[in-house]
Amino acid sequence: LPGQQSQDIKVKRKNILTVKAFANGSITVDEDPVRLGGVRSIVERKLAQNDKLIIVIETHPDAEYGLMVDILDELRLAQARTISLKTMNRGG
């Protein structure tokens with residue numbers, strides 16, 4: 001909000017899981033290619049191992065908006081609670 005200062009919070013790398021959505025419709029989870037239907041099971045497994053996990057959805061600016069929504073749906077089904085959205089650089 002205007003006038004309020006934000007504070008940087010440092011998060012350990014082991015507590016971050018990155019899901020990327022590319023312009024061509026492909027998806028990766030921590031750099032490993034996956035199909036949309038595989039996102040949920042990976043996230044469920046990772047959350048069982050680490051309850052402090054933050055899921056970062058990094059979407060290419062040219063990716064279909066619906067792909068990000070589909071990924072969010074998979075995260076909701078996996079009961080992920082801490083999610084961050086980020087736009088990746090055009091270079092991908």
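In case you missed it, the structure is sitting above this.
In short, a report on the structure. (Residues numbered from 1 in each chain as written. Predicted model: local features only at pLDDT ≥ 70, side-chain atom pairs only at ≥ 80, totals over all residues. Heavy atoms only, no water.)

### Here we look at the nonpolar core
One recurring pattern in soluble globular proteins: nonpolar side chains tend to sit buried together.
Next, step 1: In this structure, Ile27, Val29, Val39, Val43, Ile55, Ile71 and Leu75 are the most contacted members of the largest nonpolar core, which totals 19 residues.
Next, step 2: Elements that contribute at least two residues to this core include exactly strand S1 (16-21), strand S2 (27-29), helix H1 (36-49), strand S4 (54-59) and helix H2 (65-77).
Next, step 3: Ignoring anything within four residues of it in the chain, the contact list for leucine 75 reads Val39, Val43, Ile55, Ile57, Ala80 and Ile83. (Core = buried A, V, L, I, M, F, W, Y, C linked by side-chain atoms within 4.5 Å. Buried < 20%, exposed > 50% of the residue type's maximum accessible area, 1.4 Å probe, protein only. Helix = DSSP H or I, 4+ residues; strand = E, 2+ residues; numbered from the N terminus. Contact = heavy atoms within 4.5 Å.)

### Brief notes about unusual backbone geometry
Next, step 1: With a phi angle near 45 degrees, aspartate 30 is a residue other than glycine that sits in the positive phi range.
Next, step 2: Turning to its location among the elements, aspartate 30 is positioned in the loop between S2 and strand S3 (32-34).
Next, step 3: Positive phi is not limited to glycine here, since glutamine 79 has a value of about 65 degrees.
Next, step 4: Structurally, the position occupied by glutamine 79 is in the loop between H2 and strand S5 (83-87).

### Some thoughts on H1
Next, step 1: Taken together, the buried positions of H1 are occupied by Val39, Ile42, Val43 and Leu47. Projected down its long axis, H1 carries its buried residues within an arc of 130 degrees, all on one side. The exposed set on the far side of H1, more than 90 degrees from its buried face, consists of Gly37, Ala48 and Gln49. (Arc of directions from axis to C-beta.)

### Points about the pattern of salt bridges
Next, step 1: A full pass over the atoms with the stated rule returns three salt bridges.
Next, step 2: For glutamate 31, the salt bridge goes to lysine 20, with nearest N and O atoms at 3.3 Å. On the criterion of sequence distance, the pair formed by glutamate 31 in the loop between S2 and S3 and lysine 20 in strand S1 is long-range, its members being 11 residues apart.
Next, step 3: By relative accessible area, glutamate 31 is classed as exposed at 56%.
Next, step 4: The class for lysine 20 is buried, based on a relative accessible area of 14%.
Next, step 5: Between glutamate 44 and arginine 40 there is a salt bridge whose closest N-O contact spans 3.1 Å. Here arginine 40 and glutamate 44 lie together in helix H1, a separation of four residues that amounts to about one turn. (Salt bridge = Lys/Arg side-chain N within 4 Å of Asp/Glu carboxyl O.)

### Focus on the sheet that holds S5
Whether parallel or antiparallel, the strands of a sheet pair through hydrogen bonds between backbone atoms.
Next, step 1: In space, the five strands of this open sheet follow the order S3-S2-S1-S4-S5, with mixed pairing throughout. Two strands bound the open sheet, and with one partner strand each, they are S3 and S5. Taking each pair of neighbouring strands and ignoring which way they run, the sheet shows an average axis angle of 25 degrees.
Next, step 2: Here six bridges tie S1 to S4, and the two strands are oriented parallel to one another. Looking at the pairing, isoleucine 16 lines up with isoleucine 54 of S4. (Pairing = 2+ DSSP bridges. Axes fitted to C-alpha atoms, helices over the stretch in contact; angles between N-to-C directions.)

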